[in-house]
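# Analysis of the macromolecular model
Read off the chains here:
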Amino acid sequence: MAVIDSDVLVIGAGAAGLFAALTAGQRGRRVQVIDHANKVGKKILMSGGGRCNFTNTGTTAANYLSANPHFCKSALARYTPADFIALVEKHRIAYHEKELGQLFCDTSSKAIVRLLLDECAQAGVQVRTDTAVEAIETIADGWQLRTSNGVYTARSLIVATGGLSVPTMGATGFGYEIAKRYGHSVLPTRAGLVPLTLSGKPLERFDGLSGVALEVEAQCGKASFRNQLLITHRGISGPAILQISNYWQPGKELRLDLLPGTDALTWLQQMKAERGASELRTVLGEILPKRLAQRLCEQWLGDKPVRQFDERQLQTAASLLNDFPLTASGTEGYRTAEVTLGGVDTAKVSSASMESKLQPGLFLVGEVLDVTGWLGGYNFQWAWASGHAAGQAA
Ligand code: FDA
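Note that the structure is a prediction, hence the values are computed from the model and not measured.

### Examining the overall build of the protein
- Scanning the protein from N- to C-terminus turns up 13 helices and 21 strands.
- For the protein, the spread of C-alpha atoms along the principal axes amounts to about 85 × 40 × 35 Å.
- Within the protein, contacts between residues at least 6 apart in sequence are counted, and of these 72% link residues at least 24 apart.
- With the model as given, the accessible surface of the protein reaches about 16500 Å², and the carbon-plus-sulfur share is 49%.

### Some words on helix α1 (residues 15–26)
- Counted at 1.5 Å a residue, the expected span for α1 with its 12 residues is 16 Å, and the 17 Å between its end C-alpha atoms agrees.
- Among the 12 residues that make up α1, 11 are buried, leaving the element largely enclosed by the rest of the structure.
- All of the buried residues in α1 are A15, A16, G17, L18, F19, A20, A21, L22, T23, A24 and G25.
- Directly beyond the C-terminal end of α1, a positive phi value near 90° is found at G28.

### Remarks on the site of the ligand
- In the vicinity of the ligand there are 29 residues, among which A16, D35, T172, E367 and F380 approach most closely.
- With respect to the ligand, the backbone of A16 contributes an N or O atom lying 2.8 Å from an oxygen atom.
- One of the side-chain N or O atoms of E338 is found 3.5 Å from a nitrogen atom in the ligand.
- When the free accessible area of the ligand is taken as 1000 Å², the share hidden by the protein chains comes to 93%.
- Of all the secondary-structure elements, those providing two or more residues to the shell around the ligand are α1, α2 (42–46) and α13 (378–393).
- The element best represented in the shell around the ligand is α13, accounting for 3 residues.

### What about the pattern of salt bridges?
- Enumeration according to the criterion identifies 15 salt bridges in this entry.
- Across the pair R255 and E253 runs a salt bridge whose closest N-O atoms are separated by 2.4 Å.
- For R255, a relative accessible area of 26% puts it in the partly exposed group.
- A residue is classified by how much of its surface remains accessible, and E253, at 38% relative accessible area, is partly exposed.
- Residues E298 and R281 are paired through a salt bridge, measuring 3.6 Å at the closest nitrogen-oxygen approach. Taken together, the residues span a long stretch of sequence, with E298 in helix α11 (residues 290–301) and R281 in helix α10 (residues 280–284) at a distance of 17 residues.

### Describing the domain arrangement of the protein
- Domain annotation of the protein identifies domain 1 (3–189 + 341–393) and domain 2 (196–331).
- When each unit is reduced to the centre of its C-alpha atoms, the spacing between domain 1 and domain 2 is 40 Å.
- Tallying the contact residues gives 8 residues for domain 1 and 7 residues for domain 2.
- Interface area, domain 1 with domain 2, both sides summed: about 640 Å², of which 55% is carbon and sulfur.
- Among the residues domain 1 hides against domain 2, the three largest losses belong to L65, W374 and L375. Together they make up 68% of the total.
- At the junction of domain 1 with domain 2, the criterion picks out 0 salt bridges.
- Applying the counting criterion to the domain 1 and domain 2 interface returns 3 residue pairs in polar contact (both at pLDDT 80 or more).
- Per-class residue counts for the side of domain 1 that touches domain 2 are 5 nonpolar, 2 polar and 1 charged.

### Quick word on the UniProt feature "domain: RsdA/BaiN/AoA(So)-like insert" (unreviewed entry) in the protein
- Mapped onto the present numbering, the UniProt feature "domain: RsdA/BaiN/AoA(So)-like insert" (unreviewed entry) falls on residues 190–339.
- The span residues 190–339 is 36% helix and 23% strand, and its two end C-alpha atoms sit 9 Å from each other.

### Structural notes on the UniProt feature "domain: RsdA/BaiN/AoA(So)-like Rossmann fold-like" (unreviewed entry) in the protein
- Mapped onto the present numbering, the UniProt feature "domain: RsdA/BaiN/AoA(So)-like Rossmann fold-like" (unreviewed entry) falls at residues 7–392.
- With 32% helix and 25% strand, the stretch residues 7–392 has end C-alpha atoms that lie 13 Å from each other.

### Some thoughts on the sheet that holds strand β5 (residues 95–97)
- Spatial ordering of the open sheet is given by β3-β6-β5, a layout of 3 strands whose pairing is antiparallel. Either end of the sheet is taken by a strand with one partner, and the two such strands are β3 (53–56) and β5. Here the average twist between neighbouring strands, direction ignored, is 25°.
- With 3 bridges joining them, β5 and strand β6 (residues 102–105) adopt antiparallel strand pairing.

### Comments concerning the pairing of strand β1 (residues 3–11)
- In this sheet, strand β10 (residues 150–159) lies alongside β1 in parallel orientation, the contact comprising 8 bridges. Its bridge partner being in β10, L9 is matched across the sheet by L157.
- Here β1 runs beside strand β2 (residues 31–34); their pairing, made up of 4 bridges, is parallel. Each bridged residue has a counterpart across the sheet, and for V10 the counterpart in β2 is V33.
- Regarding the hand of the β-α-β motif, the stretch spanning β1, α1 and β2 is right-handed.

Rules used in this analysis
- Residues numbered from 1 in each chain as written.
- Predicted model: local features only at pLDDT ≥ 70, side-chain atom pairs only at ≥ 80, totals over all residues.
- Heavy atoms only, no water.
- Helix = DSSP H or I, 4+ residues; strand = E, 2+ residues; numbered from the N terminus.
- Contact = heavy atoms within 4.5 Å.
- Areas by Shrake-Rupley, 256 points an atom, 1.4 Å probe, with all protein chains shown as cover.
- Expected span 1.5 Å × (residues − 1).
- Buried < 20%, exposed > 50% of the residue type's maximum accessible area, 1.4 Å probe, protein only.
- Near = heavy atom within 4 Å.
- Polar contact = N/O pair within 3.5 Å; in protein donor to acceptor, adjacent residues only side chain to side chain.
- Salt bridge = Lys/Arg side-chain N within 4 Å of Asp/Glu carboxyl O.
- Domains from an automatic or database assignment.
- Buried area = accessible area lost by both parts, 1.4 Å probe.
- Nonpolar A, V, L, I, M, F, W, Y, C, P; charged D, E, K, R; others polar.
- UniProt positions renumbered as here; feature names shortened; annotations may be inferred.
- Pairing = 2+ DSSP bridges.
- Axes fitted to C-alpha atoms, helices over the stretch in contact; angles between N-to-C directions.
- Right-handed = clockwise from strand over helix to strand, strands pointing away.

Structure, rendered in structure tokens:
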């Protein structure tokens with residue numbers, strides 16, 4: 001069987017792998033990219049509701065979770081959101097800011113995949129799908145991989161196989177296995193940016209409210225996010241919950257401010273003074289979704305006219321409205337998670353080049369590493385930046 005030789009071989013034709021490949025190709029390296037899936041960039045295609053939130057203009061290291069919060073700094077500083085925006089503009093892709101610095105394509109995520117493939121083609125990068133890796137070994141001057149489509153040899157190997165989320169899109173733990181084989185430790189993984197599930201009494205008390213959405217401030221430990229919450233059949237979702245899910249672990253309590261920006265006690269006292277004859281559910285239904293206001297009154301706050309609440313009862317109701325405690329039973333898991341927390345420990349990876357400090361010529365980029373961004377374009381920015389760092393060095 002013919003041996004396909006190159007300078008750089010990339011496993012994984014997702015965001016980070018394609019970006020590493022095009023960067024190395026632009027430096028004159030001969031680059032091959034292989035992927036076991038039948039299509040490249042599947043997660044890019046499904047991202048941002050089909051419009052790919054491709055970066056965030058406010059990206060800083062503080063938007064990422066990692067056992068080493070400093071690791072991502074160097075790559076993020078050397079390939080910035082402005083750099084990716086310039087590339088998007090070069091390809092005449094129309095985009096807009098949705099909120100909080102989040103940039104989306106106006107029409108379709110397909111434009112981002114096309115950008116990456118065009119840049120790869122211009123840089124002479126060869127991309128091969130439907131190619132499963134059967135064996136990896138080091139040889140005198142690099143690497144030899146046996147695949148379902150022949151033998152590949154290369155000086156450098158870039159592992160860009162992503163995390164475990166959405167297995168139906170081709171996600172595997174293969175990158176973790178390669179890293180372990182060359183002496184890296186893999187920090188425990190768990191689903192991130194994922195809806196939370198409720199069970200037992202908490203789920204019963206929200207029964208029938210699925211579809212209700214409201215702005216909240218969700219808090220877990222020291223982290224808090226103000227954004228939309230959506231009640232689902234199984235629990236809670238929406239951007240505020242996806243964000244806080246990165247910080248939640250079984251047993252940790254969540255707290256929800258159901259009236260962010262409003263001091264509930266002052267508001268309740270004012271309602272008692274001005275509209276004392278009205279039912280609490282009626283006045284609350286003017287600032288919260290009506291069905292939720294009714295349920296909160298029936299189950300937690302008390303269902304009666306506001307003037308019948310004494311000061312102590314008002315204080316209890318106010319503290320529930322501004323600081324509602326909720327115990328999640330779990331997450332919806334990798335099936336619906338946008339990202340994987342944890343992964344290859346960055347301790348033995350160069351933050352400048354993404355090269356293994358244990359195995360020369362081995363590079364790890366993107367989500368396979370223990371670097372996880374918030375919701376809002378940060379994960380793609382990490383894929384571009386880490387891919388760029390490896391592509392410059394491999
Ligand atoms: P990615 O998962 O993109 O690519 C890995 C590639 O490796 C895949 O092509 C896979 O087939 C391949 N592979 C895996 N195992 C292999 C094996 N054994 N052999 C060969 N190939 C293998 N982020 C963001 O910033 N903005 C957004 O809008 C969204 N939206 C979003 C929506 C949904 C539904 C999901 C699931 C995720 C997002 N994300 C996101 C997160 C973002 O998609 C993710 O962080 C990046 O795609 C990670 O890029 P990587 O290249 O590291 O992995």
